[in-house]
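Residues per chain, in single letters:
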Amino acid sequence: MDMSVDICGVKLKNPVTVASGTFGSGMEYDEFFDISRLGAVTTKGVANVPWPGNPTPRIAETASGMMNAIGLQNPGIDTFIERDLEFLKSKDTAVIVNVCGHSEAEYLEVVERLGDEKRVDLLEINVSCPNVKEGGIAFGVEPGALNHITSEIKKKAVQPVIMKLSPNVTNIAEMAKAAVDGGADALSLINTLTGMKIDIEKRAFAIANTTGGLSGPAIKPVALRMVYQVCHAVDVPVIGMGGISTPEDAIEFIMAGATAVAVGTANFSDPYTTLKVISGIEDFMKRKGIDNLSEIRKCL
């Protein structure tokens, strides 16, 4: 039985990674289990300089989900290389670095810096965060802008490029095609859905940013539908995510066409979720006599 998958020539021992922003670079979770057991570690967003993020409060619970407006707080590329990548060198798993920026120049600066880092296997370009007031999201909601930023990044990138798509668009297939036409080697989706919560006792927004990104089980049906549409619209590997918390969730995404899956919000409530998803997929394959995930991928 072979659980490995291939994303742009990078072999993952199993199809499970984590959603950017929910796992740091793995250091904290490595205290619970050896993160080498994951197919890949996807890091928190990395910018060219440190970002302080949005004002607090930045997180609020909702029915079957969570809202956040962290604002991509991160220590910047220098600290990331010196601390996070150094830590990941000792781990036997693929490394996907999420790249963020306010402008094309900022994205390109990080992409070029990472080109010299052999520990980085894949780049995931975040043009879909709804909690940054400028940059990022502007590239991710208009096909022409997405096509342009993708093509410019591809000119500079050494590693394969995964473009992370926003669900806050009218036609997700159109956006996927724009990214692939721009040279994207793979796609990941979905990022969070824009939402809002009001504290009626305080007569105030629950999140200082007013709106936030909704994640968790509540968004899974939307995510699954979009992954299915994208996998049938373009012919590149897709990493599916959005509300995955069980092996059954992950298998649904694979059947919809995803090459790999990412666990996000569920990591906060149970740090062992990824391992449970991996073992659950393995059990499903044994029970159904499946030798390779390609047998069930895009089977609908």
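Our subject in this report is the structure included herewith. (Residues numbered from 1 in each chain as written. Predicted model: local features only at pLDDT ≥ 70, side-chain atom pairs only at ≥ 80, totals over all residues. Heavy atoms only, no water.)

All right, on to unusual backbone geometry then. T56 connects to P57 through a cis peptide bond whose omega is 0°. Its place among the elements puts P57 in the loop between β4 (40-42) and β5 (59-62). Residue L189 is joined to I190 through a cis peptide bond whose omega torsion reads 10°. Residue C8 is not a glycine yet carries a positive backbone phi of 55°. Among the secondary structure elements, C8 is positioned in the loop between β1 (5-7) and β2 (10-12). Residues other than glycine seldom take positive phi values, yet R203 does so here, at roughly 50°. Relative to the assigned elements, R203 resides in the loop between β12 (198-199) and β13 (204-205). Judged by relative accessible area, which is 78%, R203 ranks as exposed. (Helix = DSSP H or I, 4+ residues; strand = E, 2+ residues; numbered from the N terminus. Buried < 20%, exposed > 50% of the residue type's maximum accessible area, 1.4 Å probe, protein only.)

This part takes up helix α9 (residues 273-288). Here α9 contains 16 residues, and its C-alpha end-to-end distance of 22 Å stays within 8% of the 22 Å for a straight helix at 1.5 Å per residue. Packing partners of the buried residues in α9 comprise β3 (16-18), α7 (247-256), β16 (260-263) and α8 (266-269). In the stretch just after α9, G289 is the one whose phi turns positive, near 70°. (Expected span 1.5 Å × (residues − 1). Contact = heavy atoms within 4.5 Å.)

What follows covers the side chain of T259. Relative to the helices and strands, T259 is located in the loop between α7 and β16. A relative accessible area of 11% places T259 in the buried class. For T259, the residues in contact, after removing those within four places along its chain, are V5, D6, I7, P15, P237, V238 and R297.

On to the environment of K155. As for its position among the elements, K155 is in helix α4 (residues 143-156). C-alpha separation for the pair K155 and E295, spaced 140 residues apart in sequence, amounts to 35 Å.

Let us now look at the sheet that holds strand β10 (residues 186-189). Strand order across the open sheet formed by 8 strands is β3-β16-β15-β10-β9-β8-β7-β4, with parallel pairing between neighbours. The open sheet is flanked by β3 and β4, the only strands paired with a single partner. Neighbour-to-neighbour, the strand axes of this sheet turn through a mean angle of 25°, independent of strand direction. For β3 and β16, the ladder comprises 3 bridges, and the chain directions are parallel. Note that in β16 the partner of V18 across the bridge is V263. (Pairing = 2+ DSSP bridges. Axes fitted to C-alpha atoms, helices over the stretch in contact; angles between N-to-C directions.)

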